[in-house]
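Working through the structure, step by step
The residues making up each chain are set out below.
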2 protein chains.
Amino acid sequence: MSHPFDDSIALEWLGEDRWQGATSEAYWNMVGPFGGTIAALLLRAALDHPAREGQPVALTVNFCATLAKGAFTIAARPARTNRSTQHWTMELVQADGTIAATGTALFGARPETFAHRPATPPIAPPFETLSRFAGGFSGWVERFDMRFAEGGPETAEVPGPARSLLWIVNDPPRPLDFPGLAALCDIFFGRIIHVRRRMVPFGTITMTAYFHATDDDLAAAGAAPVLGLADARIFDRGFHDQSAELWTADGRLLATSHQLVYYRDPQ
Amino acid sequence: MSHPFDDSIALEWLGEDRWQGATSEAYWNMVGPFGGTIAALLLRAALDHPAREGQPVALTVNFCATLAKGAFTIAARPARTNRSTQHWTMELVQADGTIAATGTALFGARPETFAHRPATPPIAPPFETLSRFAGGFSGWVERFDMRFAEGGPETAEVPGPARSLLWIVNDPPRPLDFPGLAALCDIFFGRIIHVRRRMVPFGTITMTAYFHATDDDLAAAGAAPVLGLADARIFDRGFHDQSAELWTADGRLLATSHQLVYYRDPQ
């Protein structure tokens, strides 16, 4: 039996830089698929393209419109291939012609070089000692076992902290790969909800992920819980930012991601 | 007399979503134009397009190839217009057909909403009390009066700090606008140079900027010095990240930006 995440990011090659896919119910959000699956789909469209060279290093996904249930195509074309980096442009178009997402991706060779890691891993109690977030407000949330160490949705404080620290693992378990990592980059609930402690209209409109792990690092990470840290700098006039880090339990930074989130919440 | 920055981002409308431009010497970097002018050009191509609605909120620019001296065209087309946001896709193509840069931009309405600003402005000695960085290694550096409060290139420490805090003002002075702000997002020297304290082959391959200011905020900021803070989380196997903030002297966060930078530096 295939994993529901793999079902939700299945693509059929049409040739000429195009893929065919269809939405899946398993990771449904309130009005469309979980954005993480859209990020994973756009990355896959380039990653699995026969002309792709190198490992994923950066991905930007713009969420243009709620993706309607049904079929869609993704165009992914190499814009430029350099000696050790390759730039891609992607576009997801639903059956009625609406462009639902655009994106760009970068791939590169990952030779050994000077390395330096000023960022230190956040400190959290072990996964096993925390209890699972009992979400249930959205189908996709059930596909992850999330355990908050800080800034969970049950925090009583108003305004709540913009910062959250949590363990995340796929349910059912699934070994990490680049599409899975791209999806984890979008897993954090909107910071506006954490701060306001109530639902307001909101949605991520753009996300950029930087991948600091290689294929070998992801193989080593396997299906173990990943520690996610998300925070925001500013909420102002309809938009807020978010920056996030994804760490292995043994302190390797797998990815960093940044978002701009739309919200509407009168004073 | 026009400002050299305006000369360097001059574009002529060709119709059908296309602009014509040419490289300028005033902001020359070692082998091509300062990336900030390319970011400003891609933003302008959408910002000045007759179909544009709303104010700039996000910009991603991928630096695909060194832009050769001479003419280029920029294609900028609206991918999706929603009720209060608009998504754009841009591509800069030089005369020989090479795609030198790709990008996406987001525009949006900026109504008054709930606001919250967890990020606090960095503290630096006043602009007037610091001395100007005497760079000179690259033409574009002369176009900015940069005054380091922390982590300047003269720091003796090896590895040097990844974090820099500096005042920045255009030379000659120029009132802030969105293209100018987009260029400031790319003004920070490669963190790898700050850490290694010597030149190594490097270059920004992608930058994402989030604009937290409106037209009115930029008009209020005028031509005054802006306080820039840049830092990095990880340098590993050929790539490092960078996150930066741009603040007014009175503590308004104008923009945040994030980059992935390519470097080659054997152990």
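Residues numbered from 1 in each chain as written. Chains lettered and ligands numbered in written order. Predicted model: local features only at pLDDT ≥ 70, side-chain atom pairs only at ≥ 80, totals over all residues. Heavy atoms only, no water.

Observations concerning the interface of chain A and chain B
If you look at the interface, chain A gives 69 residues, while chain B gives 69 residues. Three residues, Phe114, Arg233 and Arg237 of chain A, lead the burial of chain A against chain B; their summed loss comes to 16% of the area buried on that side. For the interface between chain A and chain B, the tally reads 10 salt bridges. In this structure, Arg252 of chain B and Asp236 of chain A form a salt bridge, with 3.9 Å as the shortest nitrogen-oxygen distance. At the junction of chain A and chain B, the tally comes to 45 residue pairs in polar contact (both at pLDDT 80 or more). (Contact = heavy atoms within 4.5 Å. Buried area = accessible area lost by both parts, 1.4 Å probe. Salt bridge = Lys/Arg side-chain N within 4 Å of Asp/Glu carboxyl O. Polar contact = N/O pair within 3.5 Å; in protein donor to acceptor, adjacent residues only side chain to side chain.)

A closer look at the relation of the copies chain A and chain B
Of the transformation placing chain A onto chain B, the axial shift is 0.0 Å and the rotation is 180°, giving an RMSD of 0.0 Å. In symmetry terms, the pair is related by a two-fold rotation axis. When the interface residues of chain A are mapped onto chain B, 100% of them again fall at the interface, so both copies present the same face. (Least-squares fit on C-alpha atoms with pLDDT ≥ 70 in both.)

Section: the environment of Leu130 of chain A
Residues and elements named next belong to chain A. Positionally, Leu130 belongs in the loop between β6 (99-108) and β7 (144-150). Residue class for Leu130 comes out buried when judged on its relative accessible area of 17%. Put simply, Leu130 and Ala230 are 100 residues apart on the chain and 18 Å apart in space, counted from C-alpha to C-alpha. Setting aside residues no more than four positions away along its own chain, Leu130 makes contact with Pro125, Arg147, Phe148, Ala149 and Trp167. (Helix = DSSP H or I, 4+ residues; strand = E, 2+ residues; numbered from the N terminus. Buried < 20%, exposed > 50% of the residue type's maximum accessible area, 1.4 Å probe, protein only.)

A few points about the pairing of strand β9 (residues 202-211) of chain B
All names here are of chain B. Of all 10 residues in β9, 7 are buried; the element is thus mostly enclosed. In terms of strand pairing, strand β3 (residues 55-63) meets β9 through 5 bridges, oriented antiparallel. Within the sheet, the bridge partner assigned to Asn62 lies in β9 and is Thr206. (Pairing = 2+ DSSP bridges.)

Quick look at the pairing of strand β7 (residues 144-150) of chain B
All names here are of chain B. Within β7, 5 of the 7 residues are buried, which leaves the element mostly enclosed by the surrounding structure. When β7 meets strand β8 (residues 164-170), the two strands line up antiparallel, connected through 6 bridges. Bridge assignment links Phe148 to a residue of β8, and that residue is Leu166.

Here we look at the packing of aromatic side chains
Tallied over the full model, the rule gives 26 aromatic pairs over all chains. Taking 6.2 Å as the distance between ring centres and 70° as the angle between the ring planes, the aromatic pair formed by Trp140 of chain A and Phe189 of chain A counts as edge-to-face. Here the residue Trp140 of chain A occupies a position in the loop between β6 and β7, and Phe189 of chain A occupies one in the loop between α3 (178-184) and α4 (191-196), the gap between them amounting to 49 residues. Taken as a pair, Trp140 of chain A and Phe189 of chain A share a single burial class, namely buried. Centroid distance Phe34 of chain B to Phe144 of chain B: 5.9 Å. Interplanar angle 70°. Geometry classified as edge-to-face. Linking Phe34 of chain B in the loop between β2 (18-22) and α2 (35-47) with Phe144 of chain B in strand β7, this pair joins segments that are 110 residues apart in sequence. The exposure class assigned to Phe34 of chain B is buried, which follows from its relative accessible area of 1%. The ring of Phe127 of chain A carries Arg147 of chain A above its face, with NZ or CZ at 3.9 Å from the centroid. A cation over a ring is seen here: Arg196 of chain A above Phe114 of chain B, with NZ or CZ 3.8 Å from the ring centre. (Phe/Tyr/Trp six-rings, centres within 6.5 Å; stacked < 30°, edge-to-face > 60°. Lys NZ or Arg CZ within 6 Å of the ring centre and 35° of its normal.)

Comments concerning the side chain of Thr73 of chain B
Examined against the element boundaries, Thr73 of chain B turns out to sit in strand β4 (residues 71-81). Setting aside residues no more than four positions away along its own chain, Thr73 of chain B makes contact with Leu14, Arg18, Trp19, Gln20, Glu91, Leu92 and Val93 of chain B.

Structural notes on the pattern of salt bridges
Residue and element names in this part refer to chain B. Enumeration over the complete set of coordinates arrives at 34 salt bridges over all chains. Between Glu25 and Lys69 there is a salt bridge whose closest N-O contact spans 3.7 Å. Of this pair, Glu25 sits in the loop between β2 and α2 while Lys69 sits in the loop between β3 and β4, and the two are 44 residues apart along the sequence. Judged by its relative accessible area of 52%, Glu25 is exposed. Residue classification places Lys69 among the exposed positions, given a relative accessible area of 55%. The residue Arg132 makes a salt bridge to Asp145 at a minimum N-O spacing of 3.9 Å. On the criterion of sequence distance, the pair formed by Arg132 in the loop between β6 (99-108) and β7 and Asp145 in strand β7 is long-range, its members being 13 residues apart. Arg132 sits in the partly exposed class, given a relative accessible area of 34%. Here Asp145 falls in the buried class, since its relative accessible area comes to 9%.

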